[in-house]
Amino acid sequence: MTDQAQNTGENEQSFAELFEASYAGQGEPLNVGDKISARIISIGAENVYFDTGTKVDGVADKKELLDAEGNFPHKEGESIDLYVVSKTRSEIVLSRALAGAGGYEMLQNAKDAGLPVDGRVKETCKGGFSVEIMGRRAFCPVSQIDARFVEDTEAYVGNTYPFLISKLEERGRNIVVTRRALIERERQAATEEFLSAIKPGEEVEGTVVRLTDFGAFVELTPGLEGMVHVSELGFSRIAKPEEAVSVGEKLRVKVLGVEPGKKAGQMKISLSRKQTMSDPWADLAGKLKDGDKVTGKVVRLADFGAFVEILPGVDGLIHVSEMSYTKRVNKPSEMLTAGDEVSVVVKEVDALKRRISLSLKDAEGDPWLEAAAKYVAGTQVTGIVEKRETFGIFVTLEPGITALLPKSRMAVAVDPKQFDKLNRGDSVTLVVEDLRAGERRIALSPLEVRAGSQNEGGGGRENADWKSYAKPAKPAEKPMGLLGEKLALALKTKK
């Protein structure tokens, strides 16, 4: 071998090695039917050229990539999901789906390779739809037109979708297609890709697709849903998911856990919306302090009180003893119901223990604050009999203020029997005998008492003002006859 021939051989070998090295790491060869993400490297007048990730570039018909308005919306460097519909040693033909007229062999290749074909839904028919694919009539069962339950079949008529050929018989005279299988295939691929990348603790975005009594289902990727329990929808206390979210709403959620479901191929994904939100208790300082009067919504009733949301996600408790000054409350339901808007006074805030004490009665006002001015001793008052006890009768003077007419004071009345006739709900007029606002006590006395009896019985304090309410003493009757008159005159003269 001459030096020249040897040099030529070495150059060819070096060139071949360099050529092979230039394609090193460019991926495995593609097959017809493969779906790939191809990057645009050049846009021509009729064709678009792609980097397929292999040694051979791809080409697609530009018309197929136009949008609904007939515009080409893509740019160089952008990636598009396409199918490999044919290949040679020098070219790979890409397409969104097979379309246009085609022979039986093309249909058979599409079926064997699992390639989608474009089909236009012409009309509904018994059991499904009549679909035109590549100039031929095909049948799509109603259960195969979508991956979800079909309620309105007419909504699909006139639309063009990609289909897979599931049956091809009699040289193309009997064709059955499915869109559902294609949707599920793409969803499965998307699900596997999503699950391989997602980990507990990460935050993702999804769409609310269903609401149940116990939570909201959020679609994370087509065909893959996770569930946000009602307790994880937010910091606010809610009874039903629709109080916090609605179907179609976009949510930012945190993945709490991913585990296999009860059925094969299913995944159970637990999500939290609350953990993507800031804790309202963390920055409570400065927003709320003791003594503030605020408005909130009753969110829950318990035997011991009512929980009221006074800030988003911040609940306080109205203890049953803080419900009312005007009446005795045994159960919160006697005063409030869930959903009520109420004004309350903040009694105590403990952010560390996440506890807030509230008062409903302080917001409404304490009637005893003005009692000293309204019910001074000697004041005539009219009230309603509330109840009778062995030691006296309780009389309500106004909502929140109840006074006592002691049994000992009834005994000194000019007509004690009048009090025996009183029943609950009856109106009675009395006199304030004693007021002790600090002890929330008012003692009452009859309007008419026997002369000199103010200190009788229970040792009540005498009050001269009561005399004005007593009937005047009856004058002495004149002695009968003349003898009586003379006797009276003689006694007077003797004195």
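Quick notes on the rules
Residues numbered from 1 in each chain as written. Predicted model: local features only at pLDDT ≥ 70, side-chain atom pairs only at ≥ 80, totals over all residues. Heavy atoms only, no water. Core = buried A, V, L, I, M, F, W, Y, C linked by side-chain atoms within 4.5 Å. Buried < 20%, exposed > 50% of the residue type's maximum accessible area, 1.4 Å probe, protein only. Contact = heavy atoms within 4.5 Å. Pairing = 2+ DSSP bridges. Helix = DSSP H or I, 4+ residues; strand = E, 2+ residues; numbered from the N terminus. Arc of directions from axis to C-beta.

Thoughts on the nonpolar core
- The biggest cluster of nonpolar side chains holds 25 residues, and the ones touching the most others in it are I133, I145, F163, I165, I175 and V177.
- Beyond its immediate stretch of four places on either side in the chain, F163 contacts L115, P116, V117, G119, V121, V131, C140, I145, V177, T178, R179 and L182.

A closer look at the pairing of strand β21 (residues 380-389)
- Note that β21 and strand β24 (residues 427-436) share five bridges and pair antiparallel. In the sheet register, I384 faces β24, and the bridge partner there is S427.
- When β21 meets strand β22 (residues 392-398), the two strands line up antiparallel, connected through five bridges. Its bridge partner lying in β22, R388 is registered against I393.
- Linkage of β21 to β22, two consecutive antiparallel strands, is achieved through a turn of two residues.

Examining unusual backbone geometry
- The residue R354 is not glycine, and still its phi comes out positive at about 55°.
- Along the chain, R354 turns up in the loop between β19 (341-350) and β20 (355-359).
- Positive phi, normally seen in glycine, also occurs at R440, with a value near 55°.
- Positionally, R440 belongs in the loop between β24 and β25 (441-445).

Some remarks on the pairing of strand β13 (residues 224-229)
- Only one face of β13 is buried: it carries L224, G226 and V228, and the other face, with E225, M227 and H229, is open.
- Where β13 and strand β15 (residues 267-272) come together, two bridges link them in parallel fashion. Paired with M227 across the two strands is S270, which belongs to β15.

Here we look at helix α2 (residues 104-113)
- Within α2 the residues assigned to the buried category are Y104, L107 and A110. What you see down the axis of α2 is that its buried residues fit within an arc of 125°, all on one side.
- Structurally, α2 contributes buried residues whose contacts are with β6 (117-125), β7 (128-133), β8 (136-141), β9 (160-169) and β10 (174-178).
- Two residues or fewer after α2 comes G114, characterised by a positive phi angle close to 70°.

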